[in-house]
Amino acid sequence: MNAPIAGYTGAFGLQFEDRDFLADGEEAFVPPGDRRAIAAFAYQERTYGDLEVELGGRIERVDYDSNNGPSRDFDV
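Here's a quick rundown of the structure. These figures come from a predicted structure and were not determined experimentally. (Residues numbered from 1 in each chain as written. Predicted model: local features only at pLDDT ≥ 70, side-chain atom pairs only at ≥ 80, totals over all residues. Heavy atoms only, no water.)

## A short note on the overall build of the chain
Defined as follows: To qualify as a helix, a DSSP run of H or I must reach at least 4 residues; to qualify as a strand, a run of E must reach at least 2; elements of each kind are numbered from the N terminus. For this analysis, residues touch if any pair of their heavy atoms sits within 4.5 Å. We get accessible surface area from the Shrake-Rupley algorithm with a probe of 1.4 Å; when it comes to residues, only the shown protein chains can shield them.
Assigned secondary structure in the chain consists of zero helices and four strands. Element order for the chain, N to C, with α for helix and β for strand: β-β-β-β. Taken over the C-alpha atoms alone, the chain extends approximately 60 × 20 × 20 Å along its principal axes. Look at the contacts in the chain between residues 6 or more apart in sequence, and 44% of them connect residues 24 or more apart. In the structure as shown, the chain presents an accessible area of about 5900 Å², 55% of it carried by carbon and sulfur atoms.

## Overview of the side chain of Glu-60
What counts, and what does not: The cut-offs for exposure are 20% and 50% of the maximum accessible area for each residue type, with area from a 1.4 Å probe on protein chains only; residues under the lower value are buried, those over the upper are exposed, and the others partly exposed. In the analysis that follows, any N or O atom pair within 3.5 Å is treated as a polar contact, provided that within protein one partner can donate a hydrogen and the other can accept it, and provided that, for residues neighboring in sequence, both atoms belong to side chains.
Along the chain, Glu-60 turns up in strand E3 (residues 51-66). Classification of Glu-60 by relative accessible area gives buried; the value is 19%. Engagement of the side chain of Glu-60 in a polar contact is seen with the side chain of Arg-58, the distance being 3.5 Å. Those residues within four positions of Glu-60 in sequence are excluded, and the remaining contacts are Arg-35, Ala-37, Ile-38, Ala-39, Phe-74, Asp-75 and Val-76.

## Considering the side chain of Ser-66
Position of Ser-66 relative to the elements: it lies in strand E3. With residues near it in sequence (within four places) discarded, Ser-66 still touches Pro-31, Pro-32, Gly-33 and Ser-71.

## Examining the pairing of strand E4 (residues 72-75)
For the record, the criterion: What makes two strands pair is DSSP finding at least two bridges between them.
As judged from the four bridges shared by E3 and E4, these two strands associate in the antiparallel manner. Looking at E4, one finds that Asp-63 is bridged to Asp-73. The turn linking E3 back onto E4 is made up of five residues.

## Side note on the environment of Asn-68
Here Asn-68 lies in the loop between E3 and E4. Accessibility expressed as a relative area gives 60% for Asn-68, which makes it exposed. The spacing of Asn-68 and Tyr-48 is 20 residues in sequence and 55 Å in space, taken between C-alpha atoms. Here Asn-68 is in contact with Pro-31 and Pro-32, once residues within four sequence places are set aside.

Right, dumping it as structure tokens:
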């Protein structure tokens, strides 16, 4: 949790991912590849008398590099 900012408390964070993907077996139809992702998020809340306000958001970037197919990039 962060120290109060304009009366709001909550959390800020980052998430990283770097992994190799391989579907194995007879019915594996997804090409192998490398997946890299980075995300930032925030969640804040504040109480105004009987009313509680909650705010949150997340932004993420995903890069998928296929070993034998098209590579894709996503912003979510």
